[in-house]
Amino acid sequence: MLETSNRSDEIAAKVALRRTFAIISHPDAGKTTLTEKILLYAGAIELAGAVRGRKSRRHAVSDWMAMEQERGISLTSTALEFDLDGRRITLLDTPGHKDFSEDTYRSLVAADSVVMVLDSAKGVEEQTRKLFQVCKRHRLPILTFVNKCDTDGRDPLELLDEIESVLGISAAPLNWPIGRGAHFRGVYDLSRKEVLLYEKHMQGQRRAPVTVADHLDPSLEELAGEYAYREFMDGINIVATAGTIFDHREYLNGRQTGVFFGSAINNFGLEPFLDGLVALAPPPGPRMTQDGEEIDPASTDFSGFVFKIQANMDPRHRDHVAFVRVCSGQLLKDMTVINGRLGATVRVSRPYKIFGRDRETSTEAYAGDIVGLVNPGRFMIGDSLYTGRPVQFPRVPQFAAEHFARLRLDGQRHKQFDDGVRQLEEEGLMQVFRTSHGRDPIVGVVGALQFDVIQSRLLNEYRVESRVEPMNYFAARWMEPAETTRESLAGLGVNVLDVTDRLGRTVILFPTEWSLQYAERENPRVKFVSEVDR
Ligand code: G4P
């Protein structure tokens, strides 16, 4: 008994040091740059540009498929693990360009908190809004980094208003920018009441030197220029009198976001942001099971769930890797765990952690850690793994597809085509829909690039040539109550298609946003939902 409680204390101590988060943003807001700078500050990489240099592919460590190399984008989510200020940080990458996929959403389910990067000139953009909705549904705490303060961005007060009105979450600044664009001179720390002045220093290559002064220091006005200084003083006065005060509990409950200002590329405002992240972001907490039981992360029994399957990560191995988010206990090399879905034991002979392309065998993992398990077809997204008492975590959600196409077989290899389609659907690469007529499936994906991935995998793994015929639908929606069928709906606009998914649920494909809104208006008792259990 005593031994168990000692072990549990040891595990609790490890868990308390862990922070697992994901970064969400709209393409080009600066997610990659911020990731690089975080790694740079943490000493995890030597030089910025190592995560994914667009111009130089030489240092790319988070790319692994040939297609990524060709297109200069990162296709697959990665978990980067490193130490910062005595904390073990795991950063879940969320692909955001054309490589936007369901994995982007699913990674959020494995995170304990989120950083939202906004471009100071653009504010809350479309993809951020979509990702934010997933964070909100899963009650993830969110810190905001308003990036590109060195450009002619918008008034910070206006940006905070936009976060509140568009996202429906209160926004509490933790620091405040001094000047904008060419006049950007640093940030004012609202709780310490200190001004941090930054010097532009060899873009992205080194830490910017930090100087601390008082915000009433007359040299600040001189440095910032009269206009920027006045705007800054007005801003902090408004914040002091009418602004939202940061409340850690509200942040932890996902009702408030703490906002930092800075410029990732110029190393402006990164130190306060990272200090804030380490101090405020929550360690892994208890996770709820399907039956509403809380699993203590410090329990001596291991538990975790598979949130992502990645095939062909390494062309030399042609393997499948199941990414597991550890929720409790300790996962050790060579340990035997139970896969609840199969009711079978699985020996974890080669768990590993990943830093970009490099794999490193993981000797021990705790709640919050992400481990890759080589998957000889034994894992599926949503599988719960455990030792001791059976644990069933909620199924990993399935998110509404946003691009649709008829997938046609070229040639006669019907069986291989069907096998391939089934496998890729099981992996969560795409959703397959059937209509009452027509043999060829309709496939739905969250990011259009997935169509290329589907075709290339069918060809490489099943030797099947296929054609993708795009279909003009804007969104897919499941319905609640689940028994709702097309016939039971009062009004549906024209050009709407009803299909069934893998589990036989009715899914409606809407051609436009307007048609979705029309259906919602006409059927007030039906909920058209964009997230369901897989
Ligand atoms: P993403 O991952 O969110 O898509 O954005 P990424 O970091 O790739 O940044 C998008 C562009 O914005 C890049 O420029 C990057 O250098 C620039 N950027 C990032 N942070 C800042 C900042 O604080 N200030 C300014 N002014 N620019 C910033 P690019 O020209 O598209 O690419 P590159 O040639 O610089 O690689």
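Right above here is the structure, for reference.
Residues numbered from 1 in each chain as written. Predicted model: local features only at pLDDT ≥ 70, side-chain atom pairs only at ≥ 80, totals over all residues. Heavy atoms only, no water.

**Here's the deal with the sheet that holds strand β31 (residues 506-510)**
Thought 1: In spatial order, the strands read β30-β31-β29-β32; together these four strands make up an open sheet with antiparallel pairing. Edge positions in the sheet fall to β30 (497-500) and β32 (527-529), since each of these pairs with one other strand and no more. In this sheet, adjacent strand axes meet at a mean angle of 40° when their direction is disregarded.
Thought 2: Bridge count between strand β29 (residues 475-480) and β32: three bridges; the pairing is antiparallel. Bridging from a neighbouring strand, W478 pairs with V529 of β32. (Pairing = 2+ DSSP bridges. Helix = DSSP H or I, 4+ residues; strand = E, 2+ residues; numbered from the N terminus. Axes fitted to C-alpha atoms, helices over the stretch in contact; angles between N-to-C directions.)

**Comments concerning the pairing of strand β1 (residues 18-25)**
Thought 1: With respect to burial, β1 is a largely interior element, eight of its eight residues being buried.
Thought 2: Along β1, one buried face is formed by R18, T20, A22 and I24 and the opposite face, lined by R19, F21, I23 and S25, is buried too.
Thought 3: As defined by bridge partners, β1 adjoins strand β3 (residues 87-92) across five bridges and the pair is classed as parallel. Across the sheet, T20 pairs through a bridge with T90, a residue of β3.
Thought 4: Note: β1 against strand β4 (residues 113-119), five bridges, orientation parallel. Within β4, the residue paired with I23 across the bridge is V115. (Buried < 20%, exposed > 50% of the residue type's maximum accessible area, 1.4 Å probe, protein only.)

**With respect to helix α12 (residues 449-462)**
Thought 1: Along its 14 residues, α12 runs 20 Å from first to last C-alpha, staying within 8% of the 20 Å computed at 1.5 Å per residue.
Thought 2: Phi turns positive one or two residues past the end of α12, at R463, with a value near 50°. (Expected span 1.5 Å × (residues − 1).)

**With respect to the packing of helix α2 (residues 31-41) against helix α10 (residues 270-280)**
Thought 1: It is the contact of α2 with α10, at a shortest axis distance of 11 Å, that shows an interaxial angle of 80°. Between α2 and α10, the crossing angle belongs to the class labelled roughly perpendicular. Facing α2, whose interface residues are L34, K37, I38 and Y41, α10 presents L270, E271, F273 and L274.
Thought 2: Class assignment of the residues belonging to the contact of α2 with α10 gives a composition of six nonpolar, no polar and two charged. (Parallel < 35°, antiparallel > 145°, perpendicular 65-115°, else oblique. Contact = heavy atoms within 4.5 Å. Nonpolar A, V, L, I, M, F, W, Y, C, P; charged D, E, K, R; others polar.)

**Some remarks on unusual backbone geometry**
Thought 1: Omega for the bond connecting E480 with P481 falls within 30 degrees of zero, at 0°, which places this linkage in the cis form.
Thought 2: Among the secondary structure elements, P481 is positioned in the loop between β29 and β30.
Thought 3: Here D334, not a glycine, exhibits a phi torsion of approximately 70°, which is positive.
Thought 4: Structurally, D334 can be placed in the loop between β16 (331-332) and β17 (335-339).

**Considering the environment of D85**
Thought 1: Checked against the element boundaries, D85 lands in the loop between β2 (79-84) and β3.
Thought 2: D85 sits in the exposed class, given a relative accessible area of 53%.
Thought 3: Separated by 189 residues in sequence, D85 and L274 place their C-alpha atoms 9.6 Å apart.
Thought 4: Setting aside chain neighbours within four positions, we find D85 in contact with D275 and V278.

Any link to function would need more than the numbers given here.
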